[in-house]
Amino acid sequence: MTPDLRCYGDDIHSLAELVPDFDLRSPMDVQTWYAREWQAIADTLGFAQQLAAAPRAVPTSEDRITAMTYTGLTAFEHALRAGRPGVTEAQARVQSAVIQAMTAAGLARGELWRVTADPTTLATGACYPEGNRSLRAFYPDTAPGYFGDGWPGPPPRAESACGWQTPLVLHLGTFPWVYSARLGDVGPGARWASPAMQPAIEGLHVVASLMDPATNLRQDARQVTAIYRHFAAHTAPLVARLPGFQAGRATAGQLYQRGRFLHAHQGSLHVAALDGPRGRLAASAYNYILRRFASFFAVRRATLRALATLPAEVQRRAAASADPCLRQQIEGVARAS
């Protein structure tokens, strides 16, 4: 049986087509697809040089995804260490603890793409010390943005030492663009680095984990679908203003539509942007975010196709998912086998 993502909607089926399909049972396909995705991530986040210098030897076909994830995260860490710290060690320590707690809870709920929490229930209340002050370790994300209309409540159940009055919300599936209304050229999460602590590594690890078949199946795709549709609805009018790219007729430095992605002819996506009612949207951020959505569903499709070859525990977890489309697909695979 060929997995059919149309149970999530025709738009999701076409979204998955934005990146190449692959066969999870083919070591060559796996190597090619994941290498391409890590290269795209590295090109946007600025660690392509470190990734190119990393060793590419893979011990066995079963370990290919794990090995490439390790290589990609290590290259990103080397790039962070070569750059300037973006946060203090105190802030980074709290960020790391908070991300670990929120991702563990989010994975258990099947909501890892966007994680939410009452900050006063987290380590140090999601606050860190700076001099005699207590400051929030993350930005609040309550204004209407490209991922949603804001999350003003419910308010924290306890008094916050650093002024939290809303839930803490992080969009880790599109890390480092983790806030709905801060989609500039440099994703805020890329600045989560200090000499001793690298919470940015944990953020990118979530991106990598959502490309892992087992974790991908644990994510309720309804959450991803809802966020994608909000993103698509609020970016479509901005993209529609751009001309379509035509080779031989393009102007240097002009931003174009090229298929579903943006293209800066003889220019850099890192300096091009779209401006809309919900704020400035960097062209580099747009392409990266769109690709993260597409890659998630491409992995979902490939994983369902290879479901019978996955460990029994992975199959049991998927069959018990709250995601009705996933259960429907699994039942269809079972009937066909």
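Residues numbered from 1 in each chain as written. Predicted model: local features only at pLDDT ≥ 70, side-chain atom pairs only at ≥ 80, totals over all residues. Heavy atoms only, no water.

**Q** Sorry, what's going on with the environment of Q257 here?
**A** Take Q257: it is sitting in strand β5 (residues 255–258). Take Q257: its relative accessible area is 23%, and that puts it in the partly exposed class. Each C-alpha atom of the pair Q257 and P243 lies 6.1 Å from the other, and the pair is 14 residues apart in sequence. In contact with Q257, not counting residues within four places along its chain, are V239, A240, L242, P243, G244 and F245. (Helix = DSSP H or I, 4+ residues; strand = E, 2+ residues; numbered from the N terminus. Buried < 20%, exposed > 50% of the residue type's maximum accessible area, 1.4 Å probe, protein only. Contact = heavy atoms within 4.5 Å.)

**Q** I keep staring at unusual backbone geometry and nothing clicks. Help me out?
**A** Here the residue pair F175 and P176 is connected by a cis peptide bond, since its omega of 10 degrees sits within 30 degrees of zero. Mapped onto the fold, P176 is located in the loop between β4 (168–171) and α6 (199–209). Phi is positive for T124, which is not a glycine, with a value near 55 degrees. When you line up the elements, T124 lands in the loop between β1 (114–117) and β2 (127–130). Positive phi, close to 60 degrees, is recorded for A126, a residue that is not glycine. Overall, the relative accessible area of 0% leaves A126 in the buried class.

**Q** How should the pairing of strand β8 (residues 279–282) be read in this particular structure?
**A** Two faces, one strand: in a regular strand the side chains alternate between the faces of the sheet. Where strand β7 (residues 273–276) lies against β8, four bridges are found, and the strand directions are antiparallel. Residue pairing for β8: G276 is matched across the bridge by G279. (Pairing = 2+ DSSP bridges.)

**Q** I keep staring at the packing of aromatic side chains and nothing clicks. Help me out?
**A** Two aromatic rings are characterised by how far apart their centres lie and by the angle between their planes. Considering all chains together, one arrives at 18 aromatic pairs under this definition. Measuring from ring centre to ring centre gives 5.4 Å for Y228 and F293, while their planes differ by 65 degrees; the resulting arrangement is edge-to-face. Residue Y228 is found in helix α8 (residues 221–240), and its partner F293 is found in helix α9 (residues 283–305); the two are separated by 65 residues along the sequence. Per residue, the accessibility class of Y228 equals that of F293, and both read buried. (Phe/Tyr/Trp six-rings, centres within 6.5 Å; stacked < 30°, edge-to-face > 60°.)

**Q** Is there a simple way to think about the confidence of the model for the chain in this case?
**A** As a general rule, the predicted coordinates of low-pLDDT regions are not to be interpreted in detail. Scored by pLDDT, the chain has a mean of 93; 96% of the residues are at 70 or more. Taking the mean pLDDT of every element in the chain, the minimum, 80, falls on helix α11 (residues 324–336) and the maximum, 98, on α6. (pLDDT = per-residue confidence, 0-100.)

**Q** Help me out: how do you make sense of the side chain of T69 in this one?
**A** Tracing the backbone shows T69 in helix α4 (residues 64–82). A polar atom in the side chain of T69 sits 2.9 Å from the backbone oxygen of I65. Excluding residues within four positions of it along the chain, T69 makes contact with W38 and A208. (Polar contact = N/O pair within 3.5 Å; in protein donor to acceptor, adjacent residues only side chain to side chain.)

**Q** Any chance you could explain the pairing of β4 here in plain terms?
**A** Because side chains alternate across β4, one face comprises the buried residues L168 and L170, and the other comprises V169 and H171, equally buried. By the bridge criterion, four bridges tie β1 to β4 in an arrangement that is antiparallel. Within β4, the residue paired with R114 across the bridge is H171.

**Q** I would appreciate a short explanation of the packing of helix α2 (residues 27–45) against α4 in the present structure.
**A** Between two packed helices, both the angle of their axes relative to each other and the distance between the axes serve to describe the pair. Running from amino to carboxyl end, α2 crosses α4 at an angle of 20 degrees, the nearest separation of the two axes being 10 Å. One way to sum up the angle between α2 and α4 is to call them roughly parallel. α4 is crossed by α2, and the crossing has right-handed handedness. Together, P27, V30, Q31, Y34, A35 and W38 of α2 and R64, I65, M68, T69, G72 and L73 of α4 make up the contact between the two elements. Counted by class, the contact of α2 with α4 contains eight nonpolar, three polar and one charged residues. (Axes fitted to C-alpha atoms, helices over the stretch in contact; angles between N-to-C directions. Parallel < 35°, antiparallel > 145°, perpendicular 65-115°, else oblique. Left-handed = near helix turned anticlockwise from the far one by under 90°. Nonpolar A, V, L, I, M, F, W, Y, C, P; charged D, E, K, R; others polar.)

**Q** What's the story with the packing of α2 against α9 in this structure? I'm lost.
**A** The geometry of α2 relative to α9 is characterised by a closest axis approach of 10 Å and an angle of 160 degrees between their N-to-C directions. The orientation of α2 relative to α9 falls into the category roughly antiparallel. In the packing of α2 onto α9, the handedness of the crossing is left-handed. Packed against α2, whose contacting residues are W33, Y34, R36, E37, A40, I41, T44 and L45, the element α9 presents S284, Y288, R291, R292, S295, A298 and V299 at the interface. Split by residue class, the contact of α2 with α9 holds eight nonpolar, three polar and four charged.

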